[in-house]
Amino acid sequence: MYDYLIVGAGFAGAVMAERITTLLGKSVNIIEKRSHIGGNCFDTIDTNGIRIHQYGPHLFHTDNRAVIDYLSNFTDWESYEHEVLASIEGREVPIPFNLNSIDMLFPEERAKKLEAKLIERYGYGDKVPILELQKTDDTDLKELSDYIYKNVFLNYTIKQWGMRPEEIDLDVTARVPVHISRDNRYFQDRYQQLPNEGYTALFERLLAHPLIALSLDTPFQSEIKIEGDQIYYRGEPFGGKLLFTGMIDELFDECFGSLDYRSLRLDFEYISKEWYQAKSVINYPNEYDFTRITEFKHIHPVTTENTTILKEYPQPYIRGENLPYYPLFRLKDQEKYRRYAMRAQEIENLILIGRLAEYRYYDMDDIVSRALELFEEIF
Ligand code: UDP
């Protein structure tokens, strides 16, 4: 019998497993339905000899020194500063939309005037969410804001979420604010770096402790059941703790109805030329059904004759057919989630953590930080 059961071998589950075994000396069984560790961070070398991220681009960035210090026990790093371009009116311009983007899209005099007004109104270096910029009462800035809203956010967001920017949580479009600067980097965090042997190798080291037993290809439903406030493991009452990082509605047999998510179809293409595009990611806010193309060779440089790209086609989530990539934020989804979260509180030895269990749009550094904090709180 194990002291702890952990469902899911992504960042939340792996960090908790590492802490529990290393610091408490307790045993853990990780139950993972996929045939690999690492959750959506899983990466691998493909037939072109290029490291790809199987579930879409994962670019590590953080301002949190504690997260870097912790993960550095399990990996060395290579520096990588992410840059994204968006295809707008036939040009490829920096995203987040910034002063350089204005220079590329507007006539010189007009660009100068708009830039001066932005700097005067917000200050050089400020970051302004598009829905905030939309509130401006200056006619020139309103014209600029409408242009950015229409060309950068509107169609991309409709493709990505099936909703308009003002229908989704303000924090989502605020992830990519208009940046009053000439810094073309996608993130400005102090630490921008990737595990030098990839995420999968990092997870292998996180999970290397001999007290960690890993059960791959194992849906939790085949091992764990909940009845009332009791957890059962392989048919017997379980007295240890269950850390659950999977879909919370599945843990309770969807008793309050199923939670909704946004999914993606990920199409990898193998291209017979050395390079495909100018930067790692090009966004297509206005053309095509996909939102963006990633070329992995820019992320993990390697000399090869061919290249590998990934096109992301957002999709409605269909249980059993595709994966739940993004939790939703509509009132009805959040209310349903709250009912599950309250149900979970009835079970003393159950802990929820992660994007799926907490139904939250966590970044990688945030979930590592949350797992470290949770460990301190509980133990
Ligand atoms: N977004 C957009 N146009 C862009 C980039 C982002 O409209 O060119 C919006 C869109 O709603 C997206 C959100 O900003 O879902 C957050 O973008 P981010 O790149 O952070 O998304 P992720 O990489 O997590 O999918």
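Read on for an overview of the structure.

Calculation rules
Residues numbered from 1 in each chain as written. Predicted model: local features only at pLDDT ≥ 70, side-chain atom pairs only at ≥ 80, totals over all residues. Heavy atoms only, no water. Helix = DSSP H or I, 4+ residues; strand = E, 2+ residues; numbered from the N terminus. Rg over C-alpha atoms; globule rule 2.2 N^0.38 Å. Buried < 20%, exposed > 50% of the residue type's maximum accessible area, 1.4 Å probe, protein only. Contact = heavy atoms within 4.5 Å. Areas by Shrake-Rupley, 256 points an atom, 1.4 Å probe, with all protein chains shown as cover. Lys, Arg positive; Asp, Glu negative; His and termini not counted. Charge placed at Lys NZ, Arg CZ, Asp CG, Glu CD. Near = heavy atom within 4 Å. Polar contact = N/O pair within 3.5 Å; in protein donor to acceptor, adjacent residues only side chain to side chain. Pairing = 2+ DSSP bridges. Axes fitted to C-alpha atoms, helices over the stretch in contact; angles between N-to-C directions. Left-handed = near helix turned anticlockwise from the far one by under 90°. Patch = residues over 30% accessible without salt bridge, like charges linked within 9 Å, V, L, I, M, F, W, Y side chains within 5 Å. Salt bridge = Lys/Arg side-chain N within 4 Å of Asp/Glu carboxyl O.

**A look at the overall build of the chain**
Within the chain, the regular secondary structure consists of twelve helices and 22 strands. Here the C-alpha atoms of the chain give a radius of gyration of 22 Å, agreeing with the 21 Å that 2.2 N^0.38 yields for 379 residues. Every one of the 379 residues in the chain was classed for burial, and the buried ones make up 57%. Residue pairs in contact within the chain that sit at least 24 positions apart in sequence constitute 72% of those at least 6 positions apart. Carbon and sulfur atoms make up 46% of the accessible area of the chain, which totals about 17,100 Å². When the 43 positive and 63 negative side-chain charges of the chain are each reduced to one mean point, those points stand 3 Å apart.

**Considerations on unusual backbone geometry**
Looking along the chain, the bond that leaves Ile95 and enters Pro96 is cis, with omega of -5 degrees. Within the element layout of this structure, Pro96 appears in the loop between strand S8 (91-95) and helix H3 (99-105). Of note in this structure, Arg234 is not a glycine but carries a positive phi near 50 degrees. For Arg234, the position within the fold is in the loop between strand S14 (230-233) and strand S15 (236-237). Classification of Arg234 as exposed rests on a relative accessible area of 55%. A positive phi angle, near 55 degrees, is found at Glu254, a position not held by glycine. On the secondary structure map, Glu254 appears in the loop between helix H9 (248-251) and strand S17 (261-271).

**A look at the site of the ligand**
Lining the immediate environment of the ligand, one finds 15 residues, of which Trp161, Arg175, Tyr186, Tyr326 and Tyr361 sit closest. Thr157 is positioned with one of its side-chain polar atoms (N or O) 2.9 Å from an oxygen atom of the ligand. Asn283 has a polar side-chain atom sitting 2.9 Å from an oxygen atom of the ligand. Alone, the ligand offers 530 Å² of accessible surface; in the complex the protein occludes 93% of this. Elements that contribute at least two residues to the shell around the ligand include exactly helix H6 (139-161) and helix H7 (170-173).

**Points about the sheet that holds S14**
Read across the sheet, three strands follow the order S13-S14-S15 without closing on themselves; strand pairing throughout is antiparallel. Looking at the sheet topology across the chains shown, the edges are occupied by strand S13 (224-227) and S15. Pairing of S14 with S15, which is carried by two bridges, proceeds in the antiparallel orientation. Bridge pairing links Tyr232 to Pro237 in S15.

**Observations regarding the environment of Glu120**
Note that Glu120 resides in helix H4 (residues 108-122). Note on Glu120: relative accessible area 72%, which makes it exposed. Separated by 66 residues in the primary sequence, Glu120 and Tyr186 place their C-alpha atoms 23 Å from one another.

**A word on the packing of helix H1 (residues 11-24) against helix H12 (residues 364-378)**
Running from amino to carboxyl end, H1 crosses H12 at an angle of 35 degrees, the nearest separation of the two axes being 9 Å. Classified by chirality, the crossing of H12 by H1 is right-handed. Contacts between H1 and H12 involve Phe11, Ala12, Val15, Met16, Arg19, Ile20, Leu23 and Leu24 from the first element and Met364, Ile367, Val368, Ala371, Leu372, Leu374 and Phe375 from the second.

**Points about the sheet that holds strand S20 (residues 307-316)**
Pairing within the open sheet is mixed, and its seven strands lie in the order S8-S7-S18-S19-S20-S17-S21. A strand with exactly one partner marks an edge of an open sheet, and here the two such strands are S8 and strand S21 (326-327). For S17 and S21, the ladder comprises two bridges, and the chain directions are antiparallel. Across the sheet, Arg262 pairs through a bridge with Tyr326, a residue of S21. Contacts from H6 reach strand S7 (84-88), S8, S17, strand S18 (281-283), strand S19 (292-295), S20 and S21, with the element oriented near 100 degrees to S17.

**Quick word on a nonpolar patch on the surface**
A grouping of Leu23, Leu24 and Phe379 is seen on the molecular surface, where their side chains present a nonpolar patch of about 240 Å² in accessible area. Among the structural elements, Phe379 can be located in the segment after H12. Look at Phe379 and you get partly exposed, because its relative accessible area is 32%.

**Focus: the pairing of S20**
Counting buried positions over the ten residues of S20 gives eight, a clear majority of the element. Across ten bridges, the pairing between S17 and S20 is antiparallel. Its bridge partner being in S20, Arg262 is matched across the sheet by Pro316. Of the pairings in the sheet, the one linking S19 to S20 comprises four bridges and is antiparallel in character. By the bridge assignment for S20, Thr294 is matched with Leu310.

**Quick notes on the side chain of Asp43**
Note that Asp43 resides in strand S3 (residues 43-45). Looking at Asp43, its side chain comes within polar contact range of the main-chain nitrogen of Tyr199, at 2.7 Å.

**Focus on the pattern of salt bridges**
What the rule picks out here adds up to 31 salt bridges. Close ionic contact of Asp43 with Arg51 constitutes a salt bridge, the shortest N to O distance being 3.7 Å. Close ionic contact of Arg182 with Glu115 constitutes a salt bridge, the shortest N to O distance being 2.8 Å. One end of the pair, Arg182, is in the loop between strand S10 (178-179) and strand S11 (191-195); the other, Glu115, is in helix H4, and 67 residues separate them in sequence.

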